[in-house]
Amino acid sequence: MIRLENVSKYYGSFKVLSDCSASIGKGEVVVICGPSGSGKSTLIKTINALEPIQQGSITVDDIQVNDRATNLPRLRSRVGMVFQHFELFPHLSIADNLALAQIKVLGRGKEQAHAHGMKYLERVGLKAHAAKYPGQLSGGQQQRVAIARALAMDPICMLFDEPTSALDPEMVNEVLDVMVELAQEGMTMVCVTHEMGFARKVAHRVIFMDQGSIVEDRSKDDFFGGGSGHSERSRQFLSKIL
Ligand code: ADP
Ligand code: MG
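Residues numbered from 1 in each chain as written. Chains lettered and ligands numbered in written order. Predicted model: local features only at pLDDT ≥ 70, side-chain atom pairs only at ≥ 80, totals over all residues. Heavy atoms only, no water.

Participant: I'd like a description of the overall build of the protein, backed by residues and values.
Facilitator: Broken down by element type, the protein carries nine helices and 10 strands. A globule of 242 residues ought to have a C-alpha radius of gyration of about 18 Å, and the protein, at 18 Å, matches this closely. With the C-alpha coordinates aligned to their principal axes, the bounding extent of the protein is approximately 55 × 45 × 30 Å. A total of 242 residues make up the protein; the buried ones form 53% of that total. (Helix = DSSP H or I, 4+ residues; strand = E, 2+ residues; numbered from the N terminus. Rg over C-alpha atoms; globule rule 2.2 N^0.38 Å. Buried < 20%, exposed > 50% of the residue type's maximum accessible area, 1.4 Å probe, protein only.)

Participant: So what about the site of ligand 1? Which residues, and what values?
Facilitator: In the vicinity of ligand 1, the contacting residues are Tyr11, Phe14, Val16, Pro35, Ser36, Gly37, Ser38, Gly39, Lys40, Ser41 and Thr42. At 3.0 Å, a backbone N or O of Gly39 approaches an oxygen atom of ligand 1. Between ligand 1 and the protein, one listed contact pairs an oxygen atom with a side-chain N or O atom of Thr42 at 2.5 Å. Protein chains shield 58% of the accessible area of ligand 1, which is 560 Å² for the free molecule. Counting residues per element, the shell around ligand 1 draws most heavily on helix H1 (residues 40-47), which supplies three residues. A per-class count over the shell around ligand 1 returns four nonpolar, six polar and one charged. (Near = heavy atom within 4 Å. Polar contact = N/O pair within 3.5 Å; in protein donor to acceptor, adjacent residues only side chain to side chain. Areas by Shrake-Rupley, 256 points an atom, 1.4 Å probe, with all protein chains shown as cover. Nonpolar A, V, L, I, M, F, W, Y, C, P; charged D, E, K, R; others polar.)

Participant: So what about the nonpolar core? Which residues, and what values?
Facilitator: Of all hydrophobic cores here, the largest spans 48 residues; its most connected members are Leu121, Ile147, Met158, Phe160, Met179, Met189 and Phe198. Sort the elements by how many residues they give to this core and helix H6 (residues 169-184) lands first, with nine residues. If we skip the residues at most four places from it in the chain, Met158 touches Gly80, Val82, Ile147, Ala150, Leu151, Leu182, Met187, Thr188, Met189 and Val190. (Core = buried A, V, L, I, M, F, W, Y, C linked by side-chain atoms within 4.5 Å. Contact = heavy atoms within 4.5 Å.)

Participant: Residue-level account of the sheet that holds strand S3 (residues 29-33), with values.
Facilitator: The pairing of strands in a sheet comes from backbone hydrogen bonds and takes either a parallel or an antiparallel form. Read across the open sheet, the six strands follow the order S6-S7-S8-S3-S9-S10; overall the sheet is mixed. Each edge of the open sheet is held by one strand with a lone partner, namely strand S6 (79-82) and strand S10 (213-219). Strand-to-strand twist of the sheet, defined as the mean angle between neighbouring strand axes without regard to direction, takes the value 15°. In this structure, S3 lies alongside strand S9 (residues 205-210), joined through four bridges in parallel fashion. Considered in S9, the bridge of Val31 is made with Val206. Lying on the sheet, H6 is in contact with S3, strand S7 (157-161) and strand S8 (188-192); it crosses S8 at an angle near 145°. Along the sheet, helix H9 (residues 232-241) contacts S3, S9 and S10; its crossing angle with S9, the most-contacted strand, is approximately 105°. (Pairing = 2+ DSSP bridges. Axes fitted to C-alpha atoms, helices over the stretch in contact; angles between N-to-C directions.)

Participant: Summarise the confidence of the model for the protein; cite the residues concerned and give the values.
Facilitator: Residues with a pLDDT of 70 or more make up 99% of the protein, whose mean pLDDT is 95. In the model output, the complex is listed with pTM 0.96 alongside ipTM 0.97. (pLDDT = per-residue confidence, 0-100.)

Participant: I'd love a proper account of the packing of helix H3 (residues 94-104) against helix H4 (residues 110-123), names of residues and values included.
Facilitator: Angle between the axes and distance between the axes: these two values describe a pair of packed helices. Look at H3 against H4: their axes get within 8 Å of each other, and the N-to-C directions meet at 125°. Judged by the angle between their axes, H3 and H4 are oblique. Considering the relative orientation of H3 and H4, their crossing is right-handed. Along the contact surface, H3 presents Ile94, Ala95, Asp96, Leu98, Ala99, Gln102 and Ile103, while H4 presents Lys110, Ala113, His114, His116, Gly117, Met118 and Leu121. Across the contact of H3 with H4, the residue classes break down as eight nonpolar, four polar and two charged. (Parallel < 35°, antiparallel > 145°, perpendicular 65-115°, else oblique. Left-handed = near helix turned anticlockwise from the far one by under 90°.)

Participant: How would you explain H1 if you had to name every residue and give the values?
Facilitator: Because the α-helix completes a turn every 3.6 residues, residues three or four places apart line up on one side. The buried fraction of H1 is high, at six of eight residues. Every buried residue of H1 is accounted for by Lys40, Thr42, Leu43, Ile44, Thr46 and Ile47. Of the residues one or two after H1, Ala49 is the one with positive phi, at around 65°.

Participant: Could you give an account of the environment of Ala148, with specific residues and numbers?
Facilitator: Tracing the backbone shows Ala148 in helix H5 (residues 139-151). On a C-alpha basis, the gap between Ala148 and Val82 in space is 9.8 Å, while along the polypeptide they are 66 residues apart. With sequence-adjacent residues up to four places away left out, Ala148 is seen in contact with Leu98, Tyr120, Leu121 and Val124.

Participant: Any chance you could break down H3 for me, citing the residues and the numbers?
Facilitator: Of the positions making up H3, those classed as buried are Ile94, Ala95, Asn97, Leu98, Ala99 and Gln102. Against H4 and H5 lie the buried residues of H3.

Participant: Pulling in residues and values, what's your account of the side chain of Ser38?
Facilitator: On the secondary structure map, Ser38 appears in the loop between S3 and H1. Its relative accessible area of 2% is what places Ser38 among the buried residues. Of note is the side chain of Ser38, whose polar atom sits 2.6 Å from the backbone oxygen of Pro35. In contact with Ser38, not counting residues within four places along its chain, are Val16, Met209, Asp210, Gln211 and Gly212.

Structure follows, in C-alpha cells:
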C-alpha cells in the first residue's frame, strides 16, 4: 500500500531524512517512534507530499507521490492525515468541517457530503455536536472530529502525527479508542506516537527513528519482546518512555 525507497530529504544543507526505506501492507498498522527531532513528522508528511523529497521514491497504492505529474489533491484525498493540533476550520460548524473537502475535492453534492460526514461523526460518538463550532468542543472531541473528517473522504490509508500529544491526559483514551477501533477494522495506518499501550494493542510493526534514519523496523512482538537486537539508542529511548 505504501512504499518508501531510499528516501532522503534536506532542509538546505541539513539532511533531515537519510536513506529511509519501508513498506506498509494493506491493513497493516505501523507505529513510528523516536526522539524529538528525529524526522518522524517529516517522514510521515512525505507520504502525502506535504514535504517534497530530494532523493528516492514513494508510492501509495498505484500513485507515484514524488512525480510532478501526480495530482496532489487526489493523492491527499486518498491519504487521510490527522495532526497533533487538529487543524479544524474554526469558523465552520463541525458538520461543515466534515463536508468541505468532500465537496471541494471529491465533488460530492452538499447533501450527500453532509450525510456521509454525519455517519462518521456518529461513529466517533459526536453526532449531537454537529451544529457546534470547534471552539465549543474539548480537545479530545476536536481530535475525534478531525479523525471523522479524514474518514469521510474514504481514504485508503490514514496517517497520524502524535494525535494525542497535545491533549490533556484525561482525553487521550477517547482518541486512542477510536484509533484502536479503526485498526481492528483493518484500516492501513501509520501512526507517529509514543503511546506504547496503543502500539502493543494494535500495531503490527514498530519503526524506531533516530537522526533522520530508520534505525529499527521490527514486528511488535520483536520490538517489545526483549533486549536482544535493539540498538543502543532505542534501548535508551524505551527506558525513558516505558
Ligand atoms: P520529529 O517529528 O521526529 O520531532 P521533525 O520531522 O519535526 O522531527 O524534524 C526533524 C528535524 O528537521 C529537526 O531537527 C527539525 O528542527 C528540522 N526541521 C523540521 N522542519 C523544518 C523546516 N521547515 N526547516 C528546517 N528544518 C526543519
Ligand atoms: Mg513531530
